[in-house]
Amino acid sequence: MSVRREFDQWAERGRDREIAGRHWNTAKHVLARMPIEAGDRVLDLGTGSGYAARTLGSLGADLAVGIDGSPAMARNARSYTDDDRIGFVVGVFDHLPFADDSFDHCFSMEAFYYAGDPHRTLAELRRVLRSGGTFHCAVDYYEENVYAHDWQENIDVEMTLWSAAEYRDAFRDAGFSVATQDNVPDREIEIPPAEEFPIDGYDNREEMIERYRELGTLVTVGVVP
Ligand SMILES: C[S@@+](CC[C@H](N)C(=O)[O-])C[C@H]1O[C@@H](n2cnc3c(N)ncnc32)[C@H](O)[C@@H]1O
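Residues numbered from 1 in each chain as written. Predicted model: local features only at pLDDT ≥ 70, side-chain atom pairs only at ≥ 80, totals over all residues. Heavy atoms only, no water.

Description of the packing of aromatic side chains
Turning to step 1, where the next piece is worked out: With the rule as written, the count across this model stands at 16 aromatic pairs.
Turning to step 2, where the next piece is worked out: Geometrically, the ring pair formed by Tyr141 and Trp151 is stacked, given 5.9 Å between the ring centres and 20° between the ring planes. Highlighted residues: Tyr141 in the loop between strand 5 (129-139) and helix 6 (164-173) and Trp151 in the loop between strand 5 and helix 6, separated in sequence by 10 residues.
Turning to step 3, where the next piece is worked out: Geometry around Tyr80 places Arg17 over its ring, the cationic atom sitting 3.9 Å from the centre. (Phe/Tyr/Trp six-rings, centres within 6.5 Å; stacked < 30°, edge-to-face > 60°. Helix = DSSP H or I, 4+ residues; strand = E, 2+ residues; numbered from the N terminus. Lys NZ or Arg CZ within 6 Å of the ring centre and 35° of its normal.)

Dropping the structure here:
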């Protein structure tokens, strides 16, 4: 299935806001780290409900653009704000519809690994970001997070499962410097008492603690030299 068909269905069932609620637990920490300054133009890659684009606007960006391959996602995101500094565009990661050096920073949460060609997406981001610009790439689906490995079985869009080292290598191959890479824990999701397990695919409480409090979201920050 195409990105468009898969995620249009998500948006039409209200899953854009449902997943945003969960992603916010770690995404907000990544957004808070971004060096946004007045006058900046920022991109939210795979915007979904658009919460990150709206947050980037509230952090002082002059223009925040959310791009998404699903027209229904973009339509929903547009309906959640009337701030004319926040825009939403339909387009795919591998052919970004923007001129060279158009953005100061890019954020992406739980979207990059759906790219048809992740190397091409990084090359495109390198192209549209100005020198000194950053790409803050946040993913929960990565090699070290074994609890996510079966996600591909539930979705009809091909996903890229890279390790932390593969993210760093791919960023460097595309011409970024890797400024930082770390794991942002989700300290908010409720972890039930031991007697309630197994639950949600976790055999015991220790597994769920490892998944959320230790592994959390892998964040790789690339900088354009
Ligand atoms: C799991 S959702 C995450 C949305 C949002 N960033 C969040 O944190 O809730 C992934 C989003 O990326 C979009 N997407 C996935 N692959 C894409 C691609 N190759 N080109 C454009 N958009 C894509 C989907 O349509 C979807 O809205």
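Focus: the site of the ligand
Turning to step 1, where the next piece is worked out: Close to the ligand lie 21 residues, the nearest being Gly46, Tyr51, Asp68, Gly69 and Met109.
Turning to step 2, where the next piece is worked out: In this structure, Tyr51 approaches the ligand through a side-chain N or O atom, which is 2.7 Å from an oxygen atom.
Turning to step 3, where the next piece is worked out: Between a nitrogen atom of the ligand and a main-chain N or O atom of Met109, the distance comes to 2.9 Å.
Turning to step 4, where the next piece is worked out: For the ligand, whose unbound accessible area comes to 590 Å², protein coverage reaches 98%.
Turning to step 5, where the next piece is worked out: With 3 residues, the single largest contributor to the shell around the ligand is helix 2 (residues 15-33). (Near = heavy atom within 4 Å. Polar contact = N/O pair within 3.5 Å; in protein donor to acceptor, adjacent residues only side chain to side chain. Areas by Shrake-Rupley, 256 points an atom, 1.4 Å probe, with all protein chains shown as cover.)

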